[in-house]
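Architecture and fold: a report
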Amino acid sequence: MVWGMTRDQVANPWRALFALLFGFFMILVDSTIVSVATPAIITGLHSDINGVVWVTSAYLLAYATPLLITGRLGDRFGPKRVYLAGLTIFTLASLWCGLTDSIGGLVAARVVQGLGAALLTPQTMTIITRIFPAERRGQAMGAWGATAGVATLVGPILGGVLIDALSWEWIFFINVPIGVLAFLLAWREVPDLSVQSHRFDVLGVALSAIGMFLLVFGIQEGSKYDWGTITGVISVPLLIVLGLVVLVGFVYWQRVNKSEPLVPLVLFENRNFSLANVAIATVGLSITAMAFPIMIWAQGVRGWSPTQSALLLAPMALLTAGLAPFVGRLVDRMHPRVLASFGLLCFSLGLAWIGLELDSDTSFWKLLPPIMVLGVANGFMWSPLSVTATRTLPPQRAGAGSGVYNTTRQVGAVLGSAAIAALMESRLSARLGAGASAAAGDPATSGGHIGDVPGLAHEFSRAMGESLYLPAAVVLIGVVAVLFFRNPHGLREDA
(Lines give C-alpha, C1' and ligand atoms only; values in the text may rest on other atoms or scores of the structure.)
Protein backbone atom coordinates (compact mmCIF):
# COMPACT_ATOMS: atom_id res chain seq x y z
CA MET A 1 0.00 0.00 0.00
CA VAL A 2 1.75 3.19 -1.22
CA TRP A 3 0.13 5.69 1.12
CA GLY A 4 2.65 7.28 3.49
CA MET A 5 0.31 7.24 6.49
CA THR A 6 -1.18 3.96 7.65
CA ARG A 7 -4.56 3.83 9.31
CA ASP A 8 -3.14 2.96 12.74
CA GLN A 9 -1.23 6.26 12.73
CA VAL A 10 -4.50 8.18 13.12
CA ALA A 11 -4.98 8.52 16.86
CA ASN A 12 -8.71 9.16 16.82
CA PRO A 13 -10.36 8.70 13.41
CA TRP A 14 -13.81 9.41 14.86
CA ARG A 15 -12.86 12.98 15.71
CA ALA A 16 -11.65 13.45 12.15
CA LEU A 17 -14.90 11.96 10.88
CA PHE A 18 -16.99 14.37 12.95
CA ALA A 19 -15.03 17.34 11.61
CA LEU A 20 -15.53 16.16 8.02
CA LEU A 21 -19.22 15.48 8.43
CA PHE A 22 -19.80 18.95 9.89
CA GLY A 23 -18.82 20.59 6.59
CA PHE A 24 -20.38 17.82 4.49
CA PHE A 25 -23.71 18.32 6.29
CA MET A 26 -23.68 22.05 5.49
CA ILE A 27 -23.19 21.65 1.75
CA LEU A 28 -25.85 18.95 1.46
CA VAL A 29 -28.36 21.11 3.33
CA ASP A 30 -27.88 23.64 0.53
CA SER A 31 -28.94 21.05 -2.06
CA THR A 32 -32.53 21.21 -0.80
CA ILE A 33 -32.81 24.37 1.29
CA VAL A 34 -33.97 26.49 -1.68
CA SER A 35 -37.11 24.41 -2.23
CA VAL A 36 -38.96 25.95 0.75
CA ALA A 37 -37.75 29.43 -0.24
CA THR A 38 -39.25 29.21 -3.74
CA PRO A 39 -42.22 31.59 -3.16
CA ALA A 40 -40.06 34.06 -1.19
CA ILE A 41 -37.38 34.20 -3.89
CA ILE A 42 -40.00 34.49 -6.65
CA THR A 43 -41.41 37.54 -4.87
CA GLY A 44 -38.12 39.04 -3.70
CA LEU A 45 -36.28 38.75 -7.03
CA HIS A 46 -39.32 39.07 -9.35
CA SER A 47 -38.77 35.65 -10.88
CA ASP A 48 -40.88 32.59 -11.73
CA ILE A 49 -40.77 28.92 -10.74
CA ASN A 50 -38.43 27.93 -13.55
CA GLY A 51 -36.00 30.70 -12.64
CA VAL A 52 -35.91 29.61 -9.01
CA VAL A 53 -35.53 25.95 -9.97
CA TRP A 54 -32.41 27.04 -11.87
CA VAL A 55 -31.07 28.34 -8.54
CA THR A 56 -31.00 24.70 -7.42
CA SER A 57 -30.13 23.19 -10.81
CA ALA A 58 -27.16 25.52 -11.34
CA TYR A 59 -25.80 24.58 -7.93
CA LEU A 60 -26.29 20.87 -8.55
CA LEU A 61 -24.85 21.03 -12.06
CA ALA A 62 -21.74 22.92 -10.90
CA TYR A 63 -21.53 20.46 -8.00
CA ALA A 64 -21.84 17.31 -10.12
CA THR A 65 -19.70 18.08 -13.16
CA PRO A 66 -16.26 18.51 -11.50
CA LEU A 67 -16.66 15.66 -8.97
CA LEU A 68 -14.92 13.21 -11.26
CA ILE A 69 -11.74 15.27 -11.17
CA THR A 70 -11.95 16.71 -7.65
CA GLY A 71 -11.62 13.22 -6.19
CA ARG A 72 -8.32 12.97 -8.07
CA LEU A 73 -7.27 16.42 -6.85
CA GLY A 74 -7.43 15.06 -3.32
CA ASP A 75 -5.11 12.21 -4.26
CA ARG A 76 -2.73 14.65 -5.94
CA PHE A 77 -2.62 17.57 -3.48
CA GLY A 78 -3.89 15.90 -0.31
CA PRO A 79 -7.57 15.40 0.62
CA LYS A 80 -7.34 17.73 3.63
CA ARG A 81 -6.00 20.64 1.56
CA VAL A 82 -8.63 20.21 -1.15
CA TYR A 83 -11.39 19.85 1.47
CA LEU A 84 -10.37 23.12 3.12
CA ALA A 85 -10.12 24.90 -0.24
CA GLY A 86 -13.62 23.75 -1.19
CA LEU A 87 -15.01 24.79 2.18
CA THR A 88 -13.51 28.27 1.80
CA ILE A 89 -14.97 28.75 -1.69
CA PHE A 90 -18.36 27.47 -0.57
CA THR A 91 -18.49 29.78 2.45
CA LEU A 92 -17.52 32.92 0.49
CA ALA A 93 -20.01 32.06 -2.27
CA SER A 94 -22.73 31.70 0.37
CA LEU A 95 -22.09 35.29 1.40
CA TRP A 96 -22.39 36.33 -2.26
CA CYS A 97 -25.71 34.47 -2.57
CA GLY A 98 -27.20 36.39 0.33
CA LEU A 99 -26.01 39.77 -0.97
CA THR A 100 -27.26 39.40 -4.57
CA ASP A 101 -30.30 41.36 -5.78
CA SER A 102 -31.17 39.53 -9.02
CA ILE A 103 -32.09 36.00 -10.02
CA GLY A 104 -29.18 35.94 -12.49
CA GLY A 105 -26.74 36.99 -9.80
CA LEU A 106 -28.09 34.34 -7.45
CA VAL A 107 -27.70 31.62 -10.09
CA ALA A 108 -24.10 32.76 -10.74
CA ALA A 109 -23.27 32.69 -7.03
CA ARG A 110 -24.79 29.24 -6.72
CA VAL A 111 -22.53 28.01 -9.51
CA VAL A 112 -19.47 29.08 -7.50
CA GLN A 113 -21.02 27.53 -4.40
CA GLY A 114 -21.43 24.26 -6.30
CA LEU A 115 -17.78 24.30 -7.36
CA GLY A 116 -16.74 24.63 -3.72
CA ALA A 117 -19.01 21.74 -2.76
CA ALA A 118 -17.51 19.64 -5.55
CA LEU A 119 -14.02 20.12 -4.13
CA LEU A 120 -15.13 19.18 -0.63
CA THR A 121 -17.45 16.18 -1.02
CA PRO A 122 -15.27 13.38 -2.43
CA GLN A 123 -12.54 14.09 0.12
CA THR A 124 -14.88 12.97 2.91
CA MET A 125 -15.27 9.45 1.50
CA THR A 126 -11.58 9.24 0.56
CA ILE A 127 -10.40 10.14 4.06
CA ILE A 128 -12.87 7.72 5.68
CA THR A 129 -11.64 4.91 3.43
CA ARG A 130 -8.02 5.62 4.33
CA ILE A 131 -8.21 6.20 8.10
CA PHE A 132 -10.68 3.46 9.06
CA PRO A 133 -9.86 -0.27 8.77
CA ALA A 134 -12.35 -2.39 6.81
CA GLU A 135 -13.90 -3.93 9.93
CA ARG A 136 -14.82 -0.47 11.29
CA ARG A 137 -15.51 1.26 8.01
CA GLY A 138 -19.14 0.14 7.95
CA GLN A 139 -20.03 2.28 10.96
CA ALA A 140 -18.02 5.22 9.61
CA MET A 141 -19.62 5.04 6.18
CA GLY A 142 -22.93 4.51 7.91
CA ALA A 143 -22.45 7.85 9.65
CA TRP A 144 -21.54 9.40 6.27
CA GLY A 145 -24.66 7.99 4.63
CA ALA A 146 -26.89 8.99 7.53
CA THR A 147 -25.47 12.52 7.40
CA ALA A 148 -26.33 12.70 3.70
CA GLY A 149 -29.86 11.47 4.36
CA VAL A 150 -30.59 13.75 7.30
CA ALA A 151 -29.01 16.82 5.67
CA THR A 152 -31.20 16.64 2.58
CA LEU A 153 -34.27 16.53 4.84
CA VAL A 154 -33.13 19.23 7.25
CA GLY A 155 -32.60 21.70 4.38
CA PRO A 156 -36.27 22.65 3.91
CA ILE A 157 -36.91 22.72 7.68
CA LEU A 158 -34.00 25.04 8.42
CA GLY A 159 -34.90 27.15 5.40
CA GLY A 160 -38.48 27.60 6.59
CA VAL A 161 -37.43 28.76 10.05
CA LEU A 162 -34.87 31.24 8.68
CA ILE A 163 -37.28 32.69 6.11
CA ASP A 164 -40.05 33.24 8.64
CA ALA A 165 -37.75 34.62 11.33
CA LEU A 166 -35.52 36.72 9.07
CA SER A 167 -35.65 36.57 5.24
CA TRP A 168 -34.73 34.24 2.37
CA GLU A 169 -31.20 35.70 2.23
CA TRP A 170 -30.45 34.08 5.58
CA ILE A 171 -30.64 30.58 4.15
CA PHE A 172 -27.25 31.53 2.66
CA PHE A 173 -25.88 33.88 5.34
CA ILE A 174 -26.17 31.09 7.94
CA ASN A 175 -23.45 29.19 6.08
CA VAL A 176 -20.81 31.81 6.86
CA PRO A 177 -20.33 31.18 10.61
CA ILE A 178 -20.93 27.46 10.12
CA GLY A 179 -18.32 27.39 7.36
CA VAL A 180 -15.75 29.14 9.54
CA LEU A 181 -16.34 26.66 12.38
CA ALA A 182 -16.17 23.71 9.98
CA PHE A 183 -12.85 25.02 8.63
CA LEU A 184 -11.32 25.29 12.12
CA LEU A 185 -12.52 21.80 13.07
CA ALA A 186 -11.12 20.22 9.91
CA TRP A 187 -7.83 22.13 10.21
CA ARG A 188 -7.34 20.72 13.70
CA GLU A 189 -8.78 17.19 13.51
CA VAL A 190 -8.32 15.89 9.96
CA PRO A 191 -4.92 14.28 9.34
CA ASP A 192 -2.60 15.13 6.47
CA LEU A 193 -2.43 12.06 4.23
CA SER A 194 0.15 11.22 1.59
CA VAL A 195 -0.37 12.14 -2.03
CA GLN A 196 0.08 10.53 -5.45
CA SER A 197 1.00 12.04 -8.78
CA HIS A 198 -1.88 12.25 -11.28
CA ARG A 199 -2.41 13.39 -14.80
CA PHE A 200 -5.73 15.11 -15.39
CA ASP A 201 -8.03 14.15 -18.21
CA VAL A 202 -8.88 17.61 -19.58
CA LEU A 203 -10.82 16.24 -22.57
CA GLY A 204 -12.83 14.02 -20.25
CA VAL A 205 -13.74 16.98 -18.05
CA ALA A 206 -14.84 19.01 -21.09
CA LEU A 207 -16.95 16.20 -22.56
CA SER A 208 -18.70 15.42 -19.25
CA ALA A 209 -19.41 19.12 -18.55
CA ILE A 210 -20.77 19.87 -22.03
CA GLY A 211 -22.86 16.72 -22.15
CA MET A 212 -24.42 17.30 -18.73
CA PHE A 213 -25.19 20.96 -19.44
CA LEU A 214 -26.90 20.20 -22.78
CA LEU A 215 -28.95 17.39 -21.26
CA VAL A 216 -30.06 19.31 -18.16
CA PHE A 217 -30.78 22.54 -20.04
CA GLY A 218 -32.86 20.65 -22.58
CA ILE A 219 -34.91 18.79 -19.98
CA GLN A 220 -35.50 21.76 -17.70
CA GLU A 221 -36.23 24.38 -20.36
CA GLY A 222 -38.21 22.07 -22.64
CA SER A 223 -41.66 23.09 -21.47
CA LYS A 224 -40.74 26.79 -21.76
CA TYR A 225 -40.26 26.29 -25.51
CA ASP A 226 -43.07 23.72 -25.88
CA TRP A 227 -40.37 21.13 -26.57
CA GLY A 228 -39.76 22.78 -29.93
CA THR A 229 -37.39 25.33 -31.45
CA ILE A 230 -35.35 27.62 -29.20
CA THR A 231 -33.70 29.68 -31.90
CA GLY A 232 -32.91 29.05 -35.54
CA VAL A 233 -32.15 25.36 -36.03
CA ILE A 234 -31.54 24.73 -32.32
CA SER A 235 -34.39 22.84 -30.70
CA VAL A 236 -34.98 21.25 -27.30
CA PRO A 237 -34.91 17.66 -28.68
CA LEU A 238 -31.67 18.46 -30.49
CA LEU A 239 -30.04 19.69 -27.28
CA ILE A 240 -31.08 16.55 -25.41
CA VAL A 241 -29.84 14.26 -28.17
CA LEU A 242 -26.56 16.18 -28.44
CA GLY A 243 -26.11 15.92 -24.68
CA LEU A 244 -26.58 12.16 -24.78
CA VAL A 245 -24.21 11.83 -27.77
CA VAL A 246 -21.52 13.85 -26.00
CA LEU A 247 -21.91 11.73 -22.86
CA VAL A 248 -21.58 8.56 -24.92
CA GLY A 249 -18.44 10.09 -26.41
CA PHE A 250 -17.19 10.75 -22.88
CA VAL A 251 -17.64 7.08 -21.94
CA TYR A 252 -15.88 5.98 -25.14
CA TRP A 253 -12.97 8.33 -24.42
CA GLN A 254 -12.65 6.91 -20.91
CA ARG A 255 -12.41 3.45 -22.44
CA VAL A 256 -9.72 4.24 -25.02
CA ASN A 257 -7.69 6.73 -22.94
CA LYS A 258 -4.54 4.76 -22.11
CA SER A 259 -3.02 7.50 -19.93
CA GLU A 260 -5.16 8.18 -16.86
CA PRO A 261 -8.88 8.43 -17.58
CA LEU A 262 -11.14 10.60 -15.46
CA VAL A 263 -13.32 7.56 -14.71
CA PRO A 264 -11.32 4.32 -14.48
CA LEU A 265 -13.86 1.94 -15.99
CA VAL A 266 -12.17 -0.85 -14.08
CA LEU A 267 -14.12 0.40 -11.06
CA PHE A 268 -17.29 -0.90 -12.65
CA GLU A 269 -15.89 -4.42 -12.77
CA ASN A 270 -16.74 -4.40 -9.07
CA ARG A 271 -20.39 -5.47 -9.15
CA ASN A 272 -21.37 -3.90 -5.84
CA PHE A 273 -19.82 -0.58 -6.83
CA SER A 274 -21.72 -0.54 -10.14
CA LEU A 275 -25.06 -1.47 -8.60
CA ALA A 276 -24.66 1.00 -5.73
CA ASN A 277 -24.08 3.75 -8.30
CA VAL A 278 -27.31 2.87 -10.09
CA ALA A 279 -29.21 2.94 -6.81
CA ILE A 280 -27.70 6.20 -5.51
CA ALA A 281 -28.54 7.92 -8.80
CA THR A 282 -32.22 7.09 -8.26
CA VAL A 283 -31.98 8.33 -4.66
CA GLY A 284 -30.32 11.59 -5.70
CA LEU A 285 -33.00 12.21 -8.33
CA SER A 286 -35.90 11.43 -6.03
CA ILE A 287 -34.70 13.31 -2.93
CA THR A 288 -34.21 16.47 -4.98
CA ALA A 289 -37.42 16.09 -6.96
CA MET A 290 -39.78 15.43 -4.06
CA ALA A 291 -39.26 18.68 -2.15
CA PHE A 292 -40.43 21.13 -4.84
CA PRO A 293 -44.03 19.87 -5.35
CA ILE A 294 -44.59 19.40 -1.62
CA MET A 295 -43.30 22.85 -0.62
CA ILE A 296 -45.11 24.66 -3.45
CA TRP A 297 -48.37 22.87 -2.59
CA ALA A 298 -48.05 23.60 1.14
CA GLN A 299 -47.47 27.33 0.65
CA GLY A 300 -49.42 27.97 -2.52
CA VAL A 301 -52.54 25.89 -1.78
CA ARG A 302 -52.72 25.49 1.97
CA GLY A 303 -51.29 28.94 2.65
CA TRP A 304 -48.87 27.66 5.26
CA SER A 305 -45.81 29.70 6.18
CA PRO A 306 -42.35 28.47 5.12
CA THR A 307 -41.75 27.12 8.63
CA GLN A 308 -45.10 25.35 8.77
CA SER A 309 -44.50 23.90 5.31
CA ALA A 310 -41.00 22.71 6.14
CA LEU A 311 -42.19 21.10 9.38
CA LEU A 312 -44.06 18.62 7.20
CA LEU A 313 -40.67 16.96 6.78
CA ALA A 314 -39.62 17.20 10.44
CA PRO A 315 -40.97 13.75 11.43
CA MET A 316 -39.09 12.27 8.50
CA ALA A 317 -35.80 13.89 9.53
CA LEU A 318 -36.20 12.90 13.19
CA LEU A 319 -37.00 9.30 12.34
CA THR A 320 -34.07 9.11 9.93
CA ALA A 321 -31.66 10.48 12.55
CA GLY A 322 -33.00 8.08 15.17
CA LEU A 323 -32.61 5.04 12.93
CA ALA A 324 -29.12 5.95 11.67
CA PRO A 325 -27.06 4.45 14.57
CA PHE A 326 -29.16 1.27 14.55
CA VAL A 327 -28.81 0.78 10.79
CA GLY A 328 -25.09 1.66 10.95
CA ARG A 329 -24.54 -1.33 13.26
CA LEU A 330 -26.63 -3.61 11.05
CA VAL A 331 -24.59 -2.67 7.97
CA ASP A 332 -21.54 -4.50 9.33
CA ARG A 333 -23.54 -7.68 9.99
CA MET A 334 -26.39 -8.07 7.49
CA HIS A 335 -26.53 -8.57 3.75
CA PRO A 336 -26.79 -5.10 2.19
CA ARG A 337 -29.52 -6.12 -0.25
CA VAL A 338 -31.92 -6.68 2.65
CA LEU A 339 -31.40 -3.27 4.22
CA ALA A 340 -31.14 -1.26 1.00
CA SER A 341 -34.10 -2.87 -0.78
CA PHE A 342 -36.31 -2.34 2.27
CA GLY A 343 -35.33 1.33 2.47
CA LEU A 344 -35.80 1.97 -1.24
CA LEU A 345 -39.18 0.21 -1.33
CA CYS A 346 -40.36 2.34 1.59
CA PHE A 347 -39.14 5.44 -0.24
CA SER A 348 -41.13 4.61 -3.37
CA LEU A 349 -44.23 3.77 -1.33
CA GLY A 350 -44.03 6.98 0.70
CA LEU A 351 -43.68 9.21 -2.38
CA ALA A 352 -46.56 7.54 -4.21
CA TRP A 353 -48.72 7.74 -1.06
CA ILE A 354 -48.14 11.47 -0.67
CA GLY A 355 -48.84 11.92 -4.39
CA LEU A 356 -52.22 10.24 -3.94
CA GLU A 357 -53.12 12.29 -0.87
CA LEU A 358 -52.32 15.84 -2.05
CA ASP A 359 -55.50 17.88 -2.49
CA SER A 360 -56.85 21.29 -1.61
CA ASP A 361 -57.97 20.23 1.89
CA THR A 362 -55.33 17.63 2.78
CA SER A 363 -54.25 18.06 6.41
CA PHE A 364 -50.88 17.52 8.02
CA TRP A 365 -52.22 14.53 9.92
CA LYS A 366 -53.26 12.83 6.70
CA LEU A 367 -49.73 13.20 5.36
CA LEU A 368 -48.01 12.11 8.57
CA PRO A 369 -48.15 8.31 7.88
CA PRO A 370 -46.48 8.49 4.43
CA ILE A 371 -43.95 11.02 5.76
CA MET A 372 -43.06 8.55 8.52
CA VAL A 373 -42.60 5.88 5.85
CA LEU A 374 -40.16 8.23 4.10
CA GLY A 375 -38.28 8.62 7.40
CA VAL A 376 -37.89 4.85 7.69
CA ALA A 377 -36.77 4.77 4.04
CA ASN A 378 -34.04 7.34 4.55
CA GLY A 379 -32.86 5.59 7.69
CA PHE A 380 -32.36 2.32 5.84
CA MET A 381 -31.16 3.25 2.35
CA TRP A 382 -28.26 5.71 2.69
CA SER A 383 -25.83 3.76 4.85
CA PRO A 384 -26.04 0.37 3.08
CA LEU A 385 -25.54 2.03 -0.30
CA SER A 386 -22.47 4.08 0.67
CA VAL A 387 -20.85 1.19 2.55
CA THR A 388 -21.48 -1.31 -0.24
CA ALA A 389 -20.15 1.05 -2.89
CA THR A 390 -16.76 1.53 -1.23
CA ARG A 391 -16.13 -1.43 1.05
CA THR A 392 -14.35 -3.68 -1.42
CA LEU A 393 -12.50 -0.98 -3.37
CA PRO A 394 -8.70 -1.02 -2.92
CA PRO A 395 -7.27 2.08 -1.15
CA GLN A 396 -5.53 3.30 -4.29
CA ARG A 397 -8.95 3.61 -5.94
CA ALA A 398 -10.46 5.57 -3.03
CA GLY A 399 -10.26 9.00 -4.67
CA ALA A 400 -11.60 7.86 -8.02
CA GLY A 401 -14.28 5.67 -6.45
CA SER A 402 -15.61 8.35 -4.10
CA GLY A 403 -15.54 10.88 -6.93
CA VAL A 404 -17.58 8.61 -9.21
CA TYR A 405 -20.06 7.66 -6.47
CA ASN A 406 -20.69 11.27 -5.45
CA THR A 407 -20.89 12.31 -9.09
CA THR A 408 -23.53 9.68 -9.75
CA ARG A 409 -25.59 10.89 -6.80
CA GLN A 410 -25.32 14.50 -7.91
CA VAL A 411 -26.06 13.71 -11.55
CA GLY A 412 -29.24 12.07 -10.31
CA ALA A 413 -30.01 15.21 -8.28
CA VAL A 414 -29.42 17.48 -11.30
CA LEU A 415 -31.70 15.38 -13.49
CA GLY A 416 -34.26 15.27 -10.69
CA SER A 417 -34.31 19.05 -10.42
CA ALA A 418 -34.66 19.46 -14.18
CA ALA A 419 -37.20 16.68 -14.60
CA ILE A 420 -39.48 17.78 -11.75
CA ALA A 421 -39.55 21.34 -13.10
CA ALA A 422 -40.59 20.07 -16.51
CA LEU A 423 -43.14 17.65 -15.08
CA MET A 424 -44.74 20.20 -12.74
CA GLU A 425 -45.10 22.60 -15.65
CA SER A 426 -46.56 19.83 -17.81
CA ARG A 427 -49.09 18.69 -15.20
CA LEU A 428 -50.11 22.29 -14.44
CA SER A 429 -50.65 22.93 -18.14
CA ALA A 430 -52.71 19.78 -18.46
CA ARG A 431 -54.90 20.66 -15.49
CA LEU A 432 -55.03 24.46 -15.66
CA GLY A 433 -54.38 25.24 -19.31
CA ALA A 434 -52.86 28.58 -20.29
CA GLY A 435 -53.11 29.94 -16.75
CA ALA A 436 -50.71 27.34 -15.37
CA SER A 437 -47.63 29.49 -15.36
CA ALA A 438 -49.36 32.45 -13.79
CA ALA A 439 -50.91 30.29 -11.10
CA ALA A 440 -47.64 28.59 -10.34
CA GLY A 441 -45.50 31.68 -10.51
CA ASP A 442 -47.76 33.88 -8.42
CA PRO A 443 -49.50 32.08 -5.56
CA ALA A 444 -51.27 35.34 -4.84
CA THR A 445 -53.18 35.02 -8.10
CA SER A 446 -56.44 34.50 -6.28
CA GLY A 447 -56.44 37.20 -3.66
CA GLY A 448 -54.02 35.65 -1.19
CA HIS A 449 -53.21 32.13 -2.31
CA ILE A 450 -54.45 29.46 -4.67
CA GLY A 451 -56.47 27.81 -1.93
CA ASP A 452 -58.97 30.71 -2.07
CA VAL A 453 -60.47 29.23 -5.27
CA PRO A 454 -61.59 25.62 -4.64
CA GLY A 455 -61.56 24.45 -8.27
CA LEU A 456 -58.16 25.94 -8.97
CA ALA A 457 -56.79 24.62 -5.67
CA HIS A 458 -57.93 21.07 -6.42
CA GLU A 459 -56.41 21.01 -9.90
CA PHE A 460 -53.17 22.63 -8.71
CA SER A 461 -52.88 20.15 -5.83
CA ARG A 462 -53.42 17.16 -8.09
CA ALA A 463 -50.79 18.47 -10.51
CA MET A 464 -48.27 18.62 -7.67
CA GLY A 465 -49.32 15.18 -6.41
CA GLU A 466 -49.01 13.61 -9.85
CA SER A 467 -45.50 15.05 -10.16
CA LEU A 468 -44.42 12.87 -7.24
CA TYR A 469 -45.18 9.70 -9.17
CA LEU A 470 -42.01 10.28 -11.20
CA PRO A 471 -39.52 9.95 -8.31
CA ALA A 472 -41.62 7.11 -6.86
CA ALA A 473 -41.24 5.16 -10.11
CA VAL A 474 -37.53 5.96 -10.55
CA VAL A 475 -36.67 4.60 -7.08
CA LEU A 476 -37.98 1.18 -8.16
CA ILE A 477 -35.02 0.98 -10.55
CA GLY A 478 -32.79 1.29 -7.50
CA VAL A 479 -34.71 -1.51 -5.79
CA VAL A 480 -33.99 -3.85 -8.69
CA ALA A 481 -30.30 -2.89 -8.68
CA VAL A 482 -29.67 -3.59 -4.99
CA LEU A 483 -31.32 -7.02 -5.19
CA PHE A 484 -28.19 -8.12 -7.09
CA PHE A 485 -25.71 -6.98 -4.42
CA ARG A 486 -23.09 -9.51 -3.31
CA ASN A 487 -22.50 -9.80 0.41
CA PRO A 488 -19.27 -7.76 0.96
CA HIS A 489 -18.52 -9.28 4.38
CA GLY A 490 -15.41 -11.40 4.11
CA LEU A 491 -14.49 -10.19 0.61
CA ARG A 492 -10.96 -8.89 0.11
CA GLU A 493 -10.68 -5.11 -0.31
CA ASP A 494 -9.27 -5.48 -3.80
CA ALA A 495 -11.95 -7.95 -4.90
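Residues numbered from 1 in each chain as written. Predicted model: local features only at pLDDT ≥ 70, side-chain atom pairs only at ≥ 80, totals over all residues. Heavy atoms only, no water.

Structural notes on the overall build of the chain
- The number of helices and strands found in the chain is 20 helices and two strands.
- Counting only residues that meet the buried cut, the chain has 61% of its 495 residues in that class.
- Of the contacts formed within the chain by residues at least 6 apart in sequence, a portion of 85% connects residues at least 24 apart.
- Carbon and sulfur atoms make up 67% of the accessible area of the chain, which totals about 17900 Å². (Helix = DSSP H or I, 4+ residues; strand = E, 2+ residues; numbered from the N terminus. Buried < 20%, exposed > 50% of the residue type's maximum accessible area, 1.4 Å probe, protein only. Contact = heavy atoms within 4.5 Å. Areas by Shrake-Rupley, 256 points an atom, 1.4 Å probe, with all protein chains shown as cover.)

Regarding the environment of Ile41
- Within the element layout of this structure, Ile41 appears in helix H2 (residues 38–44).
- Residue Ile41 is classed as buried on the basis of its relative accessible area, which comes to 0%.
- Counting along the chain gives eleven residues from Ile41 to Val52, while the straight-line C-alpha distance between them is 7.0 Å.
- For Ile41, the residues in contact, after removing those within four places along its chain, are Val34, His46, Val52, Ile103, Leu106 and Trp168.

A few points about the side chain of Ser208
- Summarising the element assignment, Ser208 is placed in helix H10 (residues 202–221).
- For Ser208, the contacting residues outside a window of four places in its chain are Thr65, Leu68, Leu247, Phe250 and Leu262.

Digging into the pattern of salt bridges
- The tally for this structure, following the rule as stated, stands at four salt bridges.
- Close ionic contact of Lys366 with Glu357 constitutes a salt bridge, the shortest N to O distance being 3.6 Å.
- By relative accessible area, Glu357 is classed as buried at 19%.
- With a shortest N-O distance of 2.6 Å, Arg431 and Glu459 are connected by a salt bridge. (Salt bridge = Lys/Arg side-chain N within 4 Å of Asp/Glu carboxyl O.)

Description of the layout of surface pockets
- Quantified by volume, the largest pocket comes out at close to 640 Å³.
- Around the largest pocket, the lining is made up of 28 residues, and of these Met212, Leu247, Thr407, Thr408 and Val411 lie nearest the centre.
- Contributions of two or more residues to the lining of the largest pocket are made by H10, helix H11 (236–256), helix H12 (271–300) and helix H17 (398–432).
- A class-by-class count of the residues in the lining of the largest pocket yields 20 nonpolar, eight polar and no charged.
- When residues are assigned to domains, the lining of the largest pocket turns out to be shared by domain 1 (13–192 + 262–484) and domain 2 (202–261), each giving three or more. (1 Å grid on protein atoms, 1.4 Å probe; cavity = no way out; pocket = protein on both sides within 12 Å on 5 of 7 lines; lining within 4 Å. Points joined across faces, edges and corners; volume = space filled by probe spheres on them. Nonpolar A, V, L, I, M, F, W, Y, C, P; charged D, E, K, R; others polar. Domains from an automatic or database assignment.)

Brief notes about the packing of aromatic side chains
- Per the stated rule, a full pass over the model turns up nine aromatic pairs.
- Look at Phe364 and Trp365: their rings are 5.1 Å apart centre to centre, the planes differ by 75°, and that puts the pair in the edge-to-face class.
- Sitting over the ring of Trp187, Lys80 keeps its end group 5.6 Å from the ring centre.
- If you follow Arg110 out to its NZ or CZ, it ends over the ring of Tyr59, 4.2 Å from the centre. (Phe/Tyr/Trp six-rings, centres within 6.5 Å; stacked < 30°, edge-to-face > 60°. Lys NZ or Arg CZ within 6 Å of the ring centre and 35° of its normal.)

Let's talk about the packing of helix H4 (residues 67–77) against helix H6 (residues 103–131)
- Contact geometry of H4 with H6 gives a least axis separation of 8 Å together with a crossing angle of 60°. Taken together, the axes of H4 and H6 are oblique relative to one another. Between H4 and H6 lies a crossing whose hand is right-handed. Touching Leu67, Thr70, Gly71, Leu73, Gly74 and Asp75 of H4 are Ala118, Leu119, Thr121, Pro122, Gln123 and Thr126, all from H6. (Axes fitted to C-alpha atoms, helices over the stretch in contact; angles between N-to-C directions. Parallel < 35°, antiparallel > 145°, perpendicular 65-115°, else oblique. Left-handed = near helix turned anticlockwise from the far one by under 90°.)

Topic: the confidence of the model for the chain
- For the chain, mean pLDDT is 79; residues scoring 70 or higher make up 83% of the total.
- This model gives residues 1–9 a pLDDT under 50, and the stretch forms 23 contacts once residues within four places in sequence are excluded.
- Considering only residues more than four positions removed or in separate chains, one finds that residues 436–448, a stretch of pLDDT under 50, has 22 contacts. (pLDDT = per-residue confidence, 0-100.)

Thoughts on H6
- Between its first and last C-alpha, H6 extends 42 Å over 29 residues, near the 42 Å set by a 1.5 Å rise per residue.
- Among the 29 residues of H6, 22 are classified as buried, and the element is accordingly described as predominantly covered. (Expected span 1.5 Å × (residues − 1).)

Let's talk about the environment of Tyr405
- Its location among the elements puts Tyr405 in helix H17.
- Given the relative accessible area of 0%, Tyr405 is considered buried.
- When neighbours within four sequence positions are excluded, Tyr405 is seen to be in contact with Met125, Trp144, Phe273, Ala276, Asn277, Ile280, Leu385, Ser386 and Ala389.

Quick word on the environment of Arg302
- Here Arg302 lies in the loop between H12 and helix H13 (306–310).
- Taking the relative accessible area as the measure of exposure, Arg302 reaches 27% and is therefore partly exposed.
- C-alpha of Arg302 to C-alpha of Ala457: the two residues are 155 residues apart in sequence and 8.7 Å apart in space.
- Of the polar contacts made by the side chain of Arg302, one reaches the backbone oxygen of Ser360; its length is 3.3 Å. (Polar contact = N/O pair within 3.5 Å; in protein donor to acceptor, adjacent residues only side chain to side chain.)

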